[in-house]
Amino acid sequence: MGLLFVESLQGPKVFKCKFCKVDSASPDDIVSKEFRGRYGRAYLFDSVVNVSLGPKEDRLLMTGLHTVNDIYCSCCQRLLGWKYEKAYSEDQKYKEGRYILEKNLMLKEGW
């Protein structure tokens, strides 16, 4: 196994993995705070760091059918949310390429 590359985010406020405290996302990349995940509230982000992708799968979500990848912390391998690969409904296309992070799986640093 090789070395793990961990990206650190700049700025006074950062979302971190709740389990190992590695940086996961910047609040500047939040698209919406009005999402629901598996475990409650979730945020939609333009970009995240220090995650690995699970396999693609079609999943029927509250807003319809989507192709998604679960995303895992690259350090501790805990589930953090998912990435939208494809939305089948035209009004949901804005989600494609974006990420859901579950609020209760994140820590807020600098808030």
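So, here is what we can say about the structure in this document. Residue positions within a chain follow its written sequence, with the count starting from 1. Owing to the predicted nature of the model, reporting of local features is limited to residues with pLDDT of at least 70; listing and counting of side-chain atom pairs is limited to 80 or more, with chain, interface and lining totals taken over all residues. Computation of side-chain values covers all heavy atoms of the structure but excludes hydrogens and water.

On to the environment of tyrosine 94. Helix and strand assignments follow DSSP, with helices taken as H or I runs no shorter than four residues and strands as E runs no shorter than two, numbered in order from the N terminus. Mapped onto the secondary structure, tyrosine 94 falls in the loop between strand 7 (79–87) and strand 8 (99–102). Between the alpha carbons of tyrosine 94 and tyrosine 84 there is a distance of 9.6 Å; along the sequence they are 10 residues apart. Should any heavy atoms of two residues lie within 4.5 Å, those residues are counted as being in contact. Excluding residues within four positions of it along the chain, tyrosine 94 makes contact with Phe35 and Leu44.

Strands sit in the order 2-1-9 across an open sheet of 3 strands; the sheet is antiparallel. With one partner strand each, in any of the chains shown, strand 2 (23–25) and strand 9 (106–109) form the two edges of the open sheet. In this sheet, adjacent strand axes meet at a mean angle of 45° when their direction is disregarded. For two strands to pair, DSSP has to find at least two bridges joining them. Bridge count between strand 1 (residues 14–17) and strand 2: 2 bridges; the pairing is antiparallel. Counterpart to lysine 16 in the pairing with strand 2 is aspartate 23. To obtain each axis, a line is fitted to C-alpha atoms, and for helices this fit is confined to the stretch in contact; angles are then taken between N-to-C directions over 0 to 180 degrees.

As a further point, take the pairing of strand 1. Direction of pairing for strand 1 relative to strand 9: antiparallel, over a ladder of 4 bridges. Its bridge partner being in strand 9, valine 14 is matched across the sheet by glutamate 109. From the end of strand 1 to the start of strand 2, which pair antiparallel, there are 5 residues, and lysine 21 there has a positive phi angle of about 65°.

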